2 protein chains.
Amino acid sequence: MIIHDPSMPSLSGERFTVVYSLKGDEKEAFSMAHDICFEQTVEFPEELVPEGTIKDYITGKVEEFYRKDENSFHAHISFAVETTAFELTQLLNVIFGNVSLKPGRKVEYIKFSDGLLKIFKGPLFGVSGIRILLGIEGRPILATALKPMGLSSSELASLAYKFAIGGIDIIKDDHGLSDQPFSRFEERVALCSEAVIKANRETGGRCIYVANITAGFTELHKRARFAKDAGAGALMVAPGITGFSAVSYLAEDKSLGLPIISHPAFLGSYVQEGSGISHRALFGQLTRLSGADAVIYPNFGGRFSFSKDECKSIAEGASEPMGNIKPIFLAPGGGMKLEKIPDYMDVYGKDVIYLIGGGLFTHGPDIVENCKFFRGLIQNS
Amino acid sequence: MIIHDPSMPSLSGERFTVVYSLKGDEKEAFSMAHDICFEQTVEFPEELVPEGTIKDYITGKVEEFYRKDENSFHAHISFAVETTAFELTQLLNVIFGNVSLKPGRKVEYIKFSDGLLKIFKGPLFGVSGIRILLGIEGRPILATALKPMGLSSSELASLAYKFAIGGIDIIKDDHGLSDQPFSRFEERVALCSEAVIKANRETGGRCIYVANITAGFTELHKRARFAKDAGAGALMVAPGITGFSAVSYLAEDKSLGLPIISHPAFLGSYVQEGSGISHRALFGQLTRLSGADAVIYPNFGGRFSFSKDECKSIAEGASEPMGNIKPIFLAPGGGMKLEKIPDYMDVYGKDVIYLIGGGLFTHGPDIVENCKFFRGLIQNS
């Protein structure tokens, strides 16, 4: 009933594969796998899908299917690269668009094809670029956030100065600082950039200030430019709020040329037990593919809920081979305990940005001295 | 240890309130509520929060706390409107940014304050505007999607023509159609717009074609403009992929002046049992606040998992009083059964866009006749 000319523009034959974990008994899980093939592509009842290229090529294919544990199966489903239109947004849609609306299905891992990886540029800096920028070899990097919300821009800048004098490598806006009346974006970014540049002049260091530019479309672009011009050393954005395409937009703008740090706000709902997207795929593979140079996420053993294994899997996604797409820095935070650094080292090695907060204020009465203490710990780790 | 001048720029005193549902016994749930007050604002250990305005005003406040059922409590937590910077992105962050990373906490409902509602414009059209645009009073609206992916642009346009001739009111791109080699965006949008305009000329109808412009930052803007110029009658975007700020960006661009229809792809992970964001707040309140004129979501009894009560709650969020922000159209889809229209009417009333798919192809051998049949059903419903 649908008129379709089976001749199509030349198709590459290239497919990429998504590994889904599916809850249920074998019959249920296989039926879910079969459903994903249609739901994520033609979104059409199977019996109505036109024969030929659409049925044989456009529709997803179950390539492997096996039991994972007592109550779940893994299905490797391949999709023609053309279904993604070679765009990050449509790639996300093929991987998880409508599947997100059906519980019991989870994206575990994405096996990108070579051709697809060539389309996406990934991060401009990555681990090696950030190390070059900061002039730091052979040790983890020490970062902290400017807060609490409610301080004025000059109070935040004064904190930034102390942190930089004390030897912190990366000083970022807290992710809740945007453009509030008590600290306007432009004022804050100008003062904090200046404070860090001044401290660097005094210490000879290469500390950077990271401006949070999470905002709506037009503002995000304007804030990125302003931050660049003011002397900020990197940009932070929360892709759960802006969409991952904001990250790639920033990473691809060569006139900015700044590292992009992703923040996990509003993304937590994806990393569920049995549904959603795995930690590895979300905070590792997709964050990296979209072009972030470093990924902030809640560390294990802190005030959030990620387990040690989940954090390990993020480390895998951030560093495993992925064509020409550079490995990115891990930036665990959210209640880091510095006495646990040896434990963290086991999981992350040295390519890690330790994001510490409260401890810088509570260790002793002097913030600069506290920073020096933690910097010493890191230096010798 | 933090130097803070307690004098602040003039603050309004206005607060808005988020109702969270919290899992656990009373002590656990109250501790979660208390934690949210800090986590979503100052993100700072309580004992370090500077006295004065920051502690008294910037920090969230538990306004009400009561048992909801055996294993959960409701906390009404108020936030100073200034914490949102009067921006959609930072508002989303205050409501659910870091909370998303902590399971057992769910956004049930948002009580916006008057001042906050004045900042956000919401939809340009809403229910009344879409009715005026389509010239339809007193009956539900009939919509369908162009698919399957893999058809050429001229094949899709030919389908669009038949649908329009048959009396469908709204014909939208399937949400997986973006800019694939088998149907390039500009070619498809030009041909489908033209096909629907031609059909309208013949029928005297006012059917509209809706272009899916879900894409990255730069492309989204370009595609919106192209669709407008080509004669498309509305734009569709998936805020789960583009971010909700893409919706407000489009709604606020007066030079476009087209209705915006939101698609639920990639949003499903938020509507979880016990965590995430409620159907009412996500598909109702937040979609509406961001400026969508109609919200697509999976209907109850179809191939997705939303219950009748959840769908009812979306209807509430889409139409309850919300300052000057217009009520928006519900657009349930995903396996609609036309014989169930009386049941749907009970839940939705007449202000609903029925999004039907497969039935238009399977009811009988002739697509135009099938459309007429369903249009007849709707007309008399």
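Residues numbered from 1 in each chain as written. Chains lettered and ligands numbered in written order. Predicted model: local features only at pLDDT ≥ 70, side-chain atom pairs only at ≥ 80, totals over all residues. Heavy atoms only, no water.

Novice: Please explain the packing of helix α10 (residues 244-252) of chain B against helix α11 (residues 279-290) of chain B as it appears in this structure.
Specialist: When two helices pack together, their arrangement is given by the angle between the helix axes and the distance between those axes. All names here are of chain B. Relative to each other, α10 and α11 sit at 45 degrees, their axes nearing to 8 Å. When the interaxial angle is binned, α10 and α11 end up oblique. Within the contact between the two elements, α10 uses F244, V247, S248 and A251 and α11 uses L282, L286, T287 and S290. (Axes fitted to C-alpha atoms, helices over the stretch in contact; angles between N-to-C directions. Helix = DSSP H or I, 4+ residues; strand = E, 2+ residues; numbered from the N terminus. Parallel < 35°, antiparallel > 145°, perpendicular 65-115°, else oblique. Contact = heavy atoms within 4.5 Å.)

Novice: Sorry, what's going on with the interface of chain A and chain B here?
Specialist: How big an interface is tends to be stated in terms of the accessible area lost upon association of its parts. Each partner contributes to the interface: chain A provides 87 residues, whereas chain B provides 87 residues. Carbon and sulfur atoms supply 64% of the area that chain A and chain B bury against each other, a total of about 7400 Å² over both sides. At the surface where chain A touches chain B, the tally comes to four salt bridges. Taking the shortest distance from any N to any O, the salt bridge between R223(A) and E87(B) comes out at 2.2 Å. Taken together, the links from chain A to chain B amount to 30 residue pairs in polar contact (both at pLDDT 80 or more). Among the elements that make up the side of chain A that touches chain B, the one with the highest residue count is helix α3 (residues 88-96) of chain A (five residues). Here the side of chain A that touches chain B is built from residues that sort into 43 nonpolar, 31 polar and 13 charged. (Buried area = accessible area lost by both parts, 1.4 Å probe. Salt bridge = Lys/Arg side-chain N within 4 Å of Asp/Glu carboxyl O. Polar contact = N/O pair within 3.5 Å; in protein donor to acceptor, adjacent residues only side chain to side chain. Nonpolar A, V, L, I, M, F, W, Y, C, P; charged D, E, K, R; others polar.)

Novice: Which parts of the structure should I look at to understand the relation of the copies chain A and chain B?
Specialist: With an RMSD of 0.0 Å, chain A superimposes on chain B once it is rotated by 180 degrees and translated 0.0 Å along the axis. Both chain copies can therefore be described as sitting about a two-fold axis. Taking C-alpha positions as the reference, the residue of chain A nearest the rotation axis is G243(A), at 2.3 Å. A share of 100% of interface residues in chain A that are also interface residues in chain B marks the association as one of identical surfaces. (Least-squares fit on C-alpha atoms with pLDDT ≥ 70 in both.)

Novice: Just to check I follow, could you spell out the pairing of strand β12 (residues 329-333) of chain A for this structure?
Specialist: Every other side chain in a regular strand lies on the same face of the sheet, so the side chains alternate between the two faces. Residues and elements named next belong to chain A. Of all five residues making up β12, five are buried, and the element is well covered by its neighbours. Side chains of β12 alternate between two faces, with F329, A331 and G333 and L330 and P332 buried alike. Relative to β12, strand β11 (residues 294-298) runs parallel, the two sharing five bridges. Looking at β12, one finds that P298 is bridged to G333. Running through helix α12 (residues 308-319), the crossover from β11 to the neighbouring parallel element β12 is right-handed. (Buried < 20%, exposed > 50% of the residue type's maximum accessible area, 1.4 Å probe, protein only. Pairing = 2+ DSSP bridges. Right-handed = clockwise from strand over helix to strand, strands pointing away.)

Novice: Honestly, the packing of α3(A) against helix α10 (residues 244-252) of chain A in this entry has me stumped. Any pointers?
Specialist: Residue and element names in this part refer to chain A. Where α3 meets α10, the axes come as close as 9 Å, and the angle between the chain directions of the two elements is 150 degrees. As judged from the angle between their axes, α3 and α10 are roughly antiparallel. In this structure, the crossing between α3 and α10 has a hand that is right-handed. Across the interface between the two elements, L88, T89 and L92 from α3 touch F244, S245 and S248 from α10. Of the residues assigned to the contact of α3 with α10, the class counts are three nonpolar, three polar and no charged. (Left-handed = near helix turned anticlockwise from the far one by under 90°.)

Novice: How do you make sense of helix α1 (residues 26-39) of chain A when you look at a structure like this?
Specialist: Every α-helix carries 3.6 residues per turn, so stepping three or four residues along brings you back to the same face. Taking 1.5 Å of rise per residue, the 14 residues of α1(A) would be expected to cover 20 Å, and the 20 Å separating its terminal C-alpha atoms lies within 8% of that figure. For α1(A), the N-terminal cap is D25(A); the gap from its side-chain oxygen to the backbone nitrogen of K27(A) is 3.1 Å. (Expected span 1.5 Å × (residues − 1).)

Novice: Honestly, the packing of aromatic side chains in this entry has me stumped. Any pointers?
Specialist: Here the distance between the centres and the angle between the planes together describe a pair of aromatic rings. One pass over the structure, following the stated rule, counts 34 aromatic pairs over all chains. A ring pair is formed by Y270(A) and Y270(B), whose centres lie 5.2 Å apart and whose planes are at 70 degrees; its orientation type is edge-to-face. With Y270(A) in the loop between β9 (260-262) and β10 (276-277) and Y270(B) in the loop between β9 (260-262) and β10 (276-277), this pair bridges two chains. For the pair shown, Y270(A) and Y270(B) are each scored as buried. Centroid distance F361(A) to F44(B): 5.1 Å. Interplanar angle 70 degrees. Geometry classified as edge-to-face. Taken together, the positions of F361(A) in helix α14 (residues 359-362) and F44(B) in the loop between α1 (26-39) and α2 (53-58) put the pair across two chains. Here F361(A) and F44(B) have matching classes, each one buried. Over the aromatic face of Y57(B) sits the side chain of R15(B), whose NZ or CZ is 5.7 Å from the ring centroid. Here R223(B) stacks its cationic end above the ring of F185(B), 5.3 Å away from the centre of that ring. (Phe/Tyr/Trp six-rings, centres within 6.5 Å; stacked < 30°, edge-to-face > 60°. Lys NZ or Arg CZ within 6 Å of the ring centre and 35° of its normal.)

Novice: I'm lost on the sheet that holds β10(B) in this one. Help?
Specialist: Adjacent strands of a sheet form backbone hydrogen bonds with each other and so pair up, either parallel or antiparallel. Residues and elements named next belong to chain B. Read from one edge to the other, the open sheet built from five strands follows the order β2-β3-β1-β4-β10, with strand pairing classed as mixed. This sheet does not close on itself; its edge strands, each paired only once, are β2 (61-69) and β10. Two elements, strand β1 (residues 15-23) and strand β3 (residues 72-80), share nine bridges in a ladder whose sense is antiparallel. Within β3, the residue paired with T17 across the bridge is S78. Contacts from helix α3 (residues 88-96) reach β1, β3, β4 (105-111) and β10 within the one sheet, and its direction differs from that of β1 by about 40 degrees. Against the sheet, α11 engages β4 and β10, with an angle of about 40 degrees to β4.

Novice: Just checking my understanding: could you explain the pattern of salt bridges for this structure?
Specialist: Once their charged atoms are close, side chains differing in charge can pair, the charge on each being opposite to the other. One pass over the structure, following the stated rule, counts 35 salt bridges over all chains. Here R223(B) ties to D179(B) by a salt bridge, and the two come within 3.9 Å at their closest N and O atoms. You can see R223(B) sitting in helix α8 (residues 217-230) and its partner D179(B) sitting in the loop between β6 (170-173) and α7 (185-203), a full 44 residues away along the chain. When sorted by exposure, R223(B) lands in the same class as D179(B), which is buried. Put simply, K308(B) and D343(B) hold a salt bridge, and the shortest N to O gap is 3.1 Å. Here K308(B) is found in helix α12 (residues 308-319), whereas its partner D343(B) is found in helix α13 (residues 341-348), with 35 residues between them in sequence. Sharing partners across several salt bridges, the network here consists of E87(A), D179(B), R184(B), E219(B), K222(B) and R223(B).

Novice: Can you walk me through helix α11 (residues 279-290) of chain A in this structure?
Specialist: All names here are of chain A. Between the first and last C-alpha of α11 there are 15 Å, a value that for 12 residues agrees with the 16 Å anticipated at 1.5 Å per step. Among the 12 residues of α11, 11 are classified as buried, and the element is accordingly described as predominantly covered. For α11, the set of buried residues is H279, A281, L282, F283, G284, Q285, L286, T287, R288, L289 and S290. G291, located one to two residues past α11, shows a positive phi value of around 115 degrees.

Novice: Looking at this structure, how should I read the pairing of strand β8 (residues 234-237) of chain A?
Specialist: Residues and elements named next belong to chain A. Because side chains alternate across β8, one face comprises the buried residues A234 and M236, and the other comprises L235 and V237, equally buried. Pairing between strand β7 (residues 208-212) and β8: three bridges, direction parallel. Bridging across to β8, V210 finds its partner in A234. In this view, the connection linking β7 to its parallel neighbour β8 by way of helix α8 (residues 217-230) has right-handed handedness. Two elements, β8 and β9, share three bridges in a ladder whose sense is parallel. Pairing of L235 across the sheet is with I260, part of β9.

Novice: Is there a simple way to explain the sheet that holds strand β4 (residues 105-111) of chain A in this structure?
Specialist: All names here are of chain A. If you walk across this open sheet you meet the five strands as β2-β3-β1-β4-β10, and the pairing is mixed. One side of each edge strand has no neighbouring strand; the edge strands of this open sheet are β2 (61-69) and β10. Sheet contacts for α3: β1 (15-23), β3 (72-80), β4 and β10; angle to β1, the most-contacted strand, approximately 40 degrees. Along the sheet, α11 contacts β4 and β10; its crossing angle with β4, the most-contacted strand, is approximately 40 degrees.

Novice: Please explain unusual backbone geometry as it appears in this structure.
Specialist: Keep in mind that most residues, glycine aside, have a negative phi and that most peptide bonds are trans. Residue and element names in this part refer to chain A. That bond from K147 to P148 is cis: its omega, 5 degrees, falls within 30 degrees of zero. Position of P148 relative to the elements: it lies in the loop between β5 (141-146) and α6 (153-165). Even without glycine at this site, A85 takes up a positive phi of about 55 degrees. For A85, the position within the fold is in the loop between β3 and α3. Of note in the backbone geometry, F266 takes a positive phi value of approximately 70 degrees without being a glycine. As for its placement among the helices and strands, F266 is situated in the loop between β9 and β10. According to the relative accessible area criterion, F266 is buried, its value standing at 2%.

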